[in-house]
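Listed below, chain by chain, are the residues.
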Amino acid sequence: MNSKKTAREIITGYSGPHVRIMEVCGTHTHEIFRLGIRSLLPEQIDLISGPGCPVCVTPVGFIDEAVMLALDKGVTICTFGDLVRVPGTEMNMAGARSKGAKIQVVYSPVDAFQYADEHRDEQVAFLSVGFETTTPSSCLAVRKAREAGLTNFSLLTANKTMVNAYRALKGSADAFLYPGHVNAITGTAVCEALTAEGISGVITGFTANELMTAIAVTLVRLGEGKPFFENCYPRVVTREGSKAAQKLMEEILTPCDAEWRGLGIIPNSGVKLNDAYRDFDARIKYSLPRITGRANKACRCGDVLQGKCKPSDCKVFGSGCTPQHPIGACMVSNEGACSAYYQYGGK
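The structure displayed is predicted, hence computed values, not measured ones.

### Concerning the packing of helix α2 (residues 26–34) against helix α16 (residues 337–344)
- Relative orientation of the contacting elements α2 and α16 amounts to 15 degrees, with a least axis distance of 9 Å. It follows from the interaxial angle that α2 and α16 lie roughly parallel. Between α2 and α16 the crossing geometry is right-handed. On α16, the residues that touch Thr29, His30, Phe33 and Arg34 of α2 are Ala337, Ser339, Ala340, Tyr341, Gln343 and Tyr344.
- Within the contact of α2 with α16, the residues separate by chemical class into 5 nonpolar, 4 polar and 1 charged.

Shown next as C-alpha cells:
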C-alpha cells in the first residue's frame, strides 16, 4: 500500500474504474455498516455481500429434515437460536415447537452433548451448521459423546468449507474480503493457491482499522492488474492455521458435496461424519429420506448470497420481509445481509 497515504485517503480518493468487492463474512457486512465505512466509499466502489453467513446458506431442505426429526421421529432438537426461525418448506422450527416438538436452544455443540448426557432417556440431535470456524466444536462434541458412551446423541450436519465457494463465485466480484476467523483455522495457503486460478482476495479482521486497511490494500492491488492475495490480519492468521483444529476435523469428518442456498450443489464444499463416526450421523441413524425443500418464490436470498442483487432490490425487503416476520434466512440471522441492510438502512 502507498506509504504516503492512509487507508482512508486511498479509499476516499479512489478515482479508478468500477470495482466489486465481496465481503464474504456476515460479521464483516454488519461491521462495515455499523462503523460507517460504506458512507466513505466513492460510487465506483461497490461492496457486495456473499455467502459467509452459515445460517443464510443452509438450504431449505435442511430445515425440513430437522422438522421431520422433531415431529416424526420424536427427537429433541438442540440448535443455535437463529435457526429456530429460518423458514422451511412448510414451517420453521418454531412452528414445529408449536406442534409439540422439543426444541432446545444451545450456545455450542458441547452444550448439546451435555444436554444429551443429562437426558439419556431422550434422543438428541444437534443441528450442526457453520464453516471451518465452528465445525471443530461439533467434532469435539461427537468425540465427547463417544468417550461418554452416549447412544442418544447425533448431528444433523450442514457444515461447509469456503474454498470451493470462492471458486464457484469466481467472476462475481473483482476481489474477496476473506473472513479472518475462517483463515485462523485453515491458514493462508488455501487463499494463496487461489491466485493461480485468477481469484484475488485479502484476509481481514473486524476492527475499523483492519477493515479500512483491507479495502485500501484491495484497491491498490486491483490497480496492478493481476491476481493477488494479502493477509491483513497477521495478528491472528498464520500460514499454517490451527493444526489442532485441522487434525480434529480430519479425524472425524470427510469431504462431501453440499447444497448452498442460492448457489446449488458445490462439489466437495461440505463435510460429513466419516464411517468411523457414522453412528452419530442423524441421517443414517433415523433413515431420513432425501428432502429437497422449496423456498418462498418471493425471496431473493439466493441472489443476495451470490452478489447478484442487494437486499434492498428485493421486492419484499422491509415490507413483507422484516426481522420480526422473515421470509428468507438472510433476514433471520444476526449475520445476514438483509438483516444488516434493514438494521442500518442500507440502499
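On we go.
### A few points about the pairing of strand β5 (residues 124–130)
- Where burial is concerned, most of β5 is hidden: 7 out of the 7 residues are buried.
- Here β5 shows two buried faces, one formed by Val124, Phe126, Ser128 and Gly130 and the other by Ala125, Leu127 and Val129.
- In the sheet, strand β3 (residues 76–79) pairs with β5 via 3 bridges, with the strands oriented parallel. In the sheet register, Ile77 faces β5, and the bridge partner there is Ala125.
- As paired strands, β5 and strand β6 (residues 153–159) are joined by 7 bridges and run parallel to one another. Bridge pairing in β6 links Gly130 to Asn159.
- Between β5 and its parallel partner β6, the chain crosses via helix α7 (residues 135–147), and the hand of that crossover is right-handed.

### Here's the deal with the layout of surface pockets
- Of the voids in this model, the largest pocket is the one considered here, and its volume is about 660 Å³.
- Contributing to the lining of the largest pocket are 29 residues, with Glu65, Thr157, Asp257, Arg283 and Arg290 lying nearest its centre.
- Of all the secondary-structure elements, those providing two or more residues to the lining of the largest pocket are α4 (60–71), β6, β10 (253–260), β11 (264–273) and α13 (282–285).
- Put simply, the second largest pocket is a space of about 530 Å³.

### A short note on the pattern of salt bridges
- Tallying each qualifying case throughout the model produces 16 salt bridges.
- Lys102 is the salt-bridge partner of Glu122, the closest N and O atoms lying 2.9 Å from each other. Within this pair, whereas Glu122 is found in the loop between α6 (109–118) and β5, its partner Lys102 is found in the loop between α5 (93–98) and β4 (103–105), the two being separated by 20 residues in sequence.
- With a relative accessible area of 13%, Glu122 lands in the buried category.
- For Arg221, the salt bridge goes to Glu224, with nearest N and O atoms at 2.8 Å.

### Focus: the pairing of strand β1 (residues 19–23)
- Of all 5 residues in β1, 4 are buried; the element is thus mostly enclosed.
- Relative to strand β2 (residues 45–49), β1 is paired through 5 bridges, and the arrangement is parallel. Across the sheet, residue Arg20 finds its bridge partner in β2, namely Asp46.
- As a crossover connection, the stretch from β1 through α2 into β2 is right-handed.

### Here we look at helix α12 (residues 243–252)
- Among the residues of α12, Ala245, Gln246, Leu248, Met249 and Ile252 are the ones counted as buried. Take α12 and look down its axis: the buried residues cluster within an arc of 160 degrees, on one side only. Pointing more than 90 degrees away from the buried face of α12 are the exposed residues Lys243, Ala244, Lys247 and Glu250.
- In this structure, the buried residues of α12 make contact with α7, α9 (180–186), β10 and β11.

### Description of the state of the cysteines
- The tally for this structure, following the rule as stated, stands at 1 disulfide.
- The disulfide partner of Cys53 is Cys56, and the S-S distance across this bridge is 2.5 Å. Residues Cys53 and Cys56 are joined through a disulfide that is right-handed, its torsion about the S-S bond being 70 degrees. The residues Cys53 and Cys56 share a single accessibility class, namely buried.
- With no disulfide of its own, Cys78 lies 17 Å from the sulfur of Cys139, the closest cysteine sulfur.
- Look at Cys78 and you get buried, because its relative accessible area is 0%.
- Note on Cys330: no disulfide assigned, nearest cysteine sulfur contributed by Cys301 at a separation of 3.2 Å.

Quick notes on the rules
Residues numbered from 1 in each chain as written. Predicted model: local features only at pLDDT ≥ 70, side-chain atom pairs only at ≥ 80, totals over all residues. Heavy atoms only, no water. Axes fitted to C-alpha atoms, helices over the stretch in contact; angles between N-to-C directions. Helix = DSSP H or I, 4+ residues; strand = E, 2+ residues; numbered from the N terminus. Parallel < 35°, antiparallel > 145°, perpendicular 65-115°, else oblique. Left-handed = near helix turned anticlockwise from the far one by under 90°. Contact = heavy atoms within 4.5 Å. Nonpolar A, V, L, I, M, F, W, Y, C, P; charged D, E, K, R; others polar. Buried < 20%, exposed > 50% of the residue type's maximum accessible area, 1.4 Å probe, protein only. Pairing = 2+ DSSP bridges. Right-handed = clockwise from strand over helix to strand, strands pointing away. 1 Å grid on protein atoms, 1.4 Å probe; cavity = no way out; pocket = protein on both sides within 12 Å on 5 of 7 lines; lining within 4 Å. Points joined across faces, edges and corners; volume = space filled by probe spheres on them. Salt bridge = Lys/Arg side-chain N within 4 Å of Asp/Glu carboxyl O. Arc of directions from axis to C-beta. Disulfide = S-S within 2.5 Å.

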